[in-house]
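Residue strings, one per chain:
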Amino acid sequence: MDISKLGIFEIKSLLLKREVSCTELVKAYIERAERLNGILNCFITINRESALIEAKQTDEIIQKNPDGIRPLDGLPIAIKDIFVTRNIRTTCGSKILGNFVPPFDATVVRRLRDAGAIIFGKLNMDEFAMGSSNENSYFGPVKNPFDLSRSPGGSSGGSAAAVAAGLTPASVGTDTGGSIRQPAAFCGIVGMKPSYGRISRYGMIAFSSSLDQAGPMCRNVRDCAILLESIAGNDPKDSTTMSTPVPHYTEWIVGDPSEITVGILRPDTYEGVNPEVLSAYQNVVNLFAKHNIPITEIELPHIKYAVAVYYLIATSEASSNLARYDGVRYGFRSGEFGNLREMYIKTRMEGFGDEVKRRIILGTFALSSGYYDAFFRKASQVRRLIANDFYKAFSKVNTIIMPVTPDVAFRLGEKVSDPLSMYLSDIFTIPVNLAGLPAISMPAGRNREGLPIGVQFIGKPFDEHTLLNTAAFYERESMCMNILNEVNL
Ligand code: GLN
């Protein structure tokens, strides 16, 4: 059986028709993952044994209860290695957690399992989700399935590449400043960052707690709705989750154009953006115009400060969050030390990579007394202005269309020694996180070299359903997901 082009929906119907068993599916995915991991490096861990045991149990459940099966029953899935998984190693892409086997499940993991999914692997990522290329992973970079010399993006690069190459039917990633949408754009898949507070962060290893959000990474919009429906919602274990009811997202993927009103920015906002990316974006806007969807020019005057604001807030929160990795309770501990203080220092020196250290230093500086007002407080104030810009725009339209990235997937090694240019590549994704909004990244064709280009639709807070309707409309009219037929590994 060729599983390489299957998404969640296809797998569900194969299982329902009894054309395949869960055990057969899990085996097929594990074999494929093991075979292709030497090329793509998507997986940090494959938990073959526990996955096969669970698959067998699921087959028994399905057999006994043919009609009452749960929404994801029998679905094999691999997720970003940032979600803690009971009895399965969880590294967050770092040496400091290289041996960490958590005693509990993240809420996202719990919900996937309760819906019937079988987690069979943990996917590569930039260390602590800090990065845009996957090159900051302790476990080595992931390769882009469209061009093995290029980055799949980051930090959820393992997830994006694995979905695009059919090593998993779907995945869950996280997005603090673009880490779902940018790799989705670089790998030609659908990636959604829901509103802040839509999905529980319990058991999701913290990078920047006021920005981090989990979300689905899939082969199409319908799968994205199915997955979101399963993992979203209030969680008493995360006080930042909202009790706003979770709509039946799958009912919203009709793609009704009469529900859509579009906002776009003035063309001069995009100076310096790769012309091929710009023309792909323009084609998307034209497609909406062709269907007589109202398009209004909007202004977001403060987003030009977003990258600066983000790199103060995210590093500050990270410096605080990462203080817990001290070699005492869990994770890596340096082998040689004379006293406790030296143990802390050596553990952190040897356990963290360069980018993580750079950010801890930046964040500690921004929070230090004397600088707190000038940096962290000021950044928080500008963050509010950015959010207000969006709210104002959303009084006129319900969807903002923007490019995801200023460029297509770059070559591995191209930007790694130039952190500033790497940071600037997040310019269109970061404002969305600062404002806590939902956004979905969709393929918008390929450039001359065949590399995917992405476009994002940004929505009002907790209006994921409208966003899914917009994305479904665009997906149907553009046939953008045909791009995945180009991946043949
Ligand atoms: N690329 C951004 C960073 O390096 C965003 C990362 C993320 O969303 N986790 O911080």
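Cut-offs used in this document
Residue positions within a chain follow its written sequence, with the count starting from 1. Only residues with pLDDT of at least 70 get local features here, since the model is predicted, and only at 80 or more are side-chain atom pairs given and counted; chain-wide, interface and lining totals rely on the full set of residues. Side-chain metrics in this entry use all non-hydrogen atoms of the structure; hydrogen atoms and water are not considered. Only runs of H or I of at least four residues qualify as helices and only runs of E of at least two qualify as strands under DSSP, and these elements are numbered from the N terminus. Multiplying one less than the number of residues by 1.5 Å gives the expected span of a helix. Whether two residues touch is decided by their heavy atoms; if any such pair falls within 4.5 Å, the residues are in contact. Here, axes are lines fitted to C-alpha atoms. For helices the fit covers the stretch in contact, and angles between N-to-C directions go from 0 to 180 degrees. Here roughly perpendicular refers to angles of 65 to 115 degrees, roughly parallel to angles under 35, roughly antiparallel to angles over 145, and oblique to all remaining angles. Take the far helix as your reference; a near helix turned counterclockwise from it by less than a right angle gives a left-handed crossing, and one turned clockwise gives a right-handed crossing. Note that Gly is not counted as nonpolar here; it falls among the polar residues with everything else outside the nonpolar set of Ala, Val, Leu, Ile, Met, Phe, Trp, Tyr, Cys and Pro and the charged set of Asp, Glu, Lys and Arg. Salt-bridge detection follows one rule: a side-chain nitrogen of Lys or Arg within 4 Å of a carboxyl oxygen of Asp or Glu. Each residue is placed in one exposure class: buried if its accessible area under a 1.4 Å probe, protein chains only, is under 20% of its type's maximum, exposed if it is over 50%, and partly exposed if it falls in between. For this purpose, a residue is taken to be near a molecule or strand whenever a single non-hydrogen atom of the residue falls within 4 Å of it. Identification of polar contacts relies on pairs of N or O atoms within 3.5 Å, with a donor-acceptor requirement for protein atoms, meaning one able to donate a hydrogen and the other able to accept it, and with residues adjacent in sequence counted only if both atoms are side-chain atoms.

Chemist: Looking at this model, I keep getting lost on helix α8 (residues 275-290). Mind explaining?
Modeler: Every α-helical turn comprises 3.6 residues, leaving residues that sit three or four positions apart pointing alike. Helix length check: α8 (16 residues) gives 22 Å between terminal C-alpha atoms against 22 Å at 1.5 Å per residue, within 8%. Against the buried residues of α8 lie β7 (262-264), β8 (295-297), β9 (399-403), β10 (439-446), β11 (452-459) and α15 (464-478). Positioned one or two residues after α8, Asn292 has a phi angle of 60 degrees, which is positive.

Chemist: Would you explain the packing of helix α7 (residues 221-231) against α15 in this entry?
Modeler: Any two packed helices are characterised by the angle at which their axes cross and by the distance between the axes. Where α7 contacts α15, the two axes come as close as 9 Å, and the packing angle between them is 160 degrees. Considering their axes alone, α7 and α15 lie roughly antiparallel with respect to each other. For the crossing formed where α7 meets α15, the hand is left-handed. Taking contact as the criterion, the partners of Val221, Cys224, Ala225 and Leu228 in α7 are, on α15, Glu464, Leu468, Ala471, Ala472 and Glu475. Its residues placed into classes, the contact of α7 with α15 shows 7 nonpolar, no polar and 2 charged.

Chemist: Quick question: what am I supposed to make of the pattern of salt bridges here?
Modeler: Should the charged atoms of two oppositely charged side chains come close, the side chains can pair. Applying the stated criterion across every chain, the model contains 20 salt bridges. Residues Asp147 and Arg150 are paired through a salt bridge, measuring 3.0 Å at the closest nitrogen-oxygen approach. For Asp147, a relative accessible area of 23% translates into the label partly exposed. Arg150 gets classed as buried once you look at its relative accessible area, which sits at 7%. It is possible to trace a salt-bridge network through shared partners that takes in Glu54, Asp105, Arg110, Arg113 and Asp114.

Chemist: Is there a simple way to explain the site of the ligand in this structure?
Modeler: The ligand sits among 15 residues. The nearest are Ser132, Gly177, Ser179, Tyr310 and Arg359. A distance of 2.8 Å is found between a nitrogen atom of the ligand and a backbone nitrogen or oxygen belonging to Ala129. Tyr310 places a polar side-chain atom, nitrogen or oxygen, 2.6 Å from an oxygen atom of the ligand. Among the residues making up the shell around the ligand, the classes are represented as 5 nonpolar, 7 polar and 3 charged.

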